[in-house]
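Observations on chain architecture
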Amino acid sequence: MKKLLTLSLLALAAGTACANYPEKPITIVVPFSAGGPTDKVARDLAEALRKPLNATLVIENVGGAGGTLGATKVAKAAPDGYTLLLHHIGMATSPALYRNMQYKTLEDFEYLGLINEVPMTLIGRSTLPANSYAELAKWMDANKGKINLGNAGLGSASHLCGLLFQSTIKIDMTTVPYKGTGPAMTDLLGGQIDLMCDQTTNTTQQIEGGKVKAFGVTSTKRLSTPALAKLPTLDEAGLKGFGVAIWHGVYAPKGTPKAVQDKISAALKVALKDAEFQKRQEALGAVIVTDARTNGAEHKKFVEAEIAKWGPIIKAAGQYAD
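Computed from a predicted structure; not experimentally measured.

1. Re the layout of surface pockets
- Its boundaries defined by the atoms lining it, the largest pocket holds a volume of some 760 Å³.
- As for the largest pocket, its lining consists of 42 residues, of which Ser 33, Pro 37, Ala 152, Gly 180 and Thr 181 are closest to the centre.
- Of all the elements in the fold, those that place two or more residues in the lining of the largest pocket are α2 (37-53), α6 (157-169), α7 (181-189), β7 (195-199) and α8 (200-208).
- A class-by-class count of the residues in the lining of the largest pocket yields 14 nonpolar, 24 polar and 4 charged.
- Its boundaries defined by the atoms lining it, the second largest pocket holds a volume of some 310 Å³.

What follows is the structure, given as structure tokens:
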């Protein structure tokens, strides 16, 4: 009888906690360094979430190991809704890149909804003798074995896009991994590397300033961002069927109460319609998700499909991050 009463009191306390959630600041863990593209998305989202959640949101950057350190921290955090994870496509690619992860992507998190999709841009040094993708294709064919393709490190968005690009065109390049997008962009601007495929959040300013040559975007449709509006999709430029986007989603530790999950998911849907958030995302070339993937169940199905897509590509390349 005493045990039953204790359990009843615990259940009542848990229910009250859920009903009053949130009662303290919520931490959003970003598994990358401050100032990067994922960090930008997280800070914009946190601002948009303050009102619908009626809470203070704090960003904590836990970088390292391609995002797996931050994800591990959230997977092992208390499942109370006060520690969340905002992660990108790395949620789907890490299982193939890291063979000894401390968490299971599909088992150790509650999926709360996708936020946005950020297209990539294929760019090259300003001195490349090509001004369109058709001309670039001819140049690449004539320079097999001599092309340098930069990226921001194993597991980065630029690394993944580069892998898919090489796999699609059937041309192997010398990949040059850097410790971040900044150093990679610096060397591209200086002419030390030839090409890079990176997020619009990182390349729009350089394209707008005419400091790099842009050959196409990886979205299925042309972008409305002024600096990129005239840039063709790689599909229409001649690379038929090529498409990749770096998406971002929000997660909670496995076991987070359903009532708390529902509150966060509802607040996310409100935040995605916030005018200022939409304005900031559009300026970065990001496309806000408006379909069923803003729901947890569809979000998880999407990640499962992405794991199935990227796993074979990464394994075929034989490039592991551990």
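2. Details of the pattern of salt bridges
- The tally for this structure, following the rule as stated, stands at 13 salt bridges.
- A salt bridge links Arg 222 to Glu 236; the nearest nitrogen and oxygen atoms lie 3.0 Å apart. A residue pair is termed long-range when its members are at least 10 positions apart, and Arg 222 in the loop between β8 (212-217) and α9 (234-237) and Glu 236 in helix α9 qualify at 14 residues.
- Looking at Arg 222, the relative accessible area reads 43%, which means it is partly exposed.
- Here Glu 236 falls in the partly exposed class, since its relative accessible area comes to 41%.
- Notably, a salt bridge pairs Lys 258 with Asp 262, separated by 2.9 Å at the nearest N-O pair. Remark: Asp 262 and Lys 258 occur in helix α10 (residues 258-272); sequence separation between them is 4 residues, near one turn of the helix.
- Note on Lys 258: relative accessible area 55%, which makes it exposed.
- Look at the salt bridges and you will find they share partners, linking Asp 44, Glu 276 and Arg 280 into a network.

3. A look at the nonpolar core
- Residues Leu 136 and Met 140 are the most contacted members of the largest nonpolar core, which totals 50 residues.
- The set of elements that each furnish at least two residues to this core consists of α3 (68-75), α4 (90-97), β4 (109-125), α5 (133-142), α6, β7, β9 (245-253) and α12 (296-317).
- The element contributing the most residues to this core is α6, with 7 residues.
- Not counting residues up to four positions away in its chain, the partners in contact with Met 140 are Tyr 133, Ile 147, Phe 165, Ile 169, Ile 171, Met 173 and Leu 195.
- Judged by nonpolar contacts, the second largest core, of 30 residues, contains Tyr 21, Ile 115, Ala 267 and Leu 268.

4. Considering the state of the cysteines
- Considering all chains together, one arrives at 1 disulfide under this definition.
- In this model, Cys 161 is linked to Cys 197 through a disulfide, with the two sulfur atoms separated by 1.9 Å. One disulfide, between Cys 161 and Cys 197, carries an S-S torsion of 40° and so falls in the right-handed class. Note that Cys 161 is positioned in helix α6 and Cys 197 in strand β7, a separation of 36 residues in sequence. Accessibility assignment for this pair places Cys 161 and Cys 197 in one class, buried.

What counts as what
Residues numbered from 1 in each chain as written. Predicted model: local features only at pLDDT ≥ 70, side-chain atom pairs only at ≥ 80, totals over all residues. Heavy atoms only, no water. 1 Å grid on protein atoms, 1.4 Å probe; cavity = no way out; pocket = protein on both sides within 12 Å on 5 of 7 lines; lining within 4 Å. Points joined across faces, edges and corners; volume = space filled by probe spheres on them. Helix = DSSP H or I, 4+ residues; strand = E, 2+ residues; numbered from the N terminus. Nonpolar A, V, L, I, M, F, W, Y, C, P; charged D, E, K, R; others polar. Salt bridge = Lys/Arg side-chain N within 4 Å of Asp/Glu carboxyl O. Buried < 20%, exposed > 50% of the residue type's maximum accessible area, 1.4 Å probe, protein only. Core = buried A, V, L, I, M, F, W, Y, C linked by side-chain atoms within 4.5 Å. Contact = heavy atoms within 4.5 Å. Disulfide = S-S within 2.5 Å.

Purely spatial values, then, with no claim about function.
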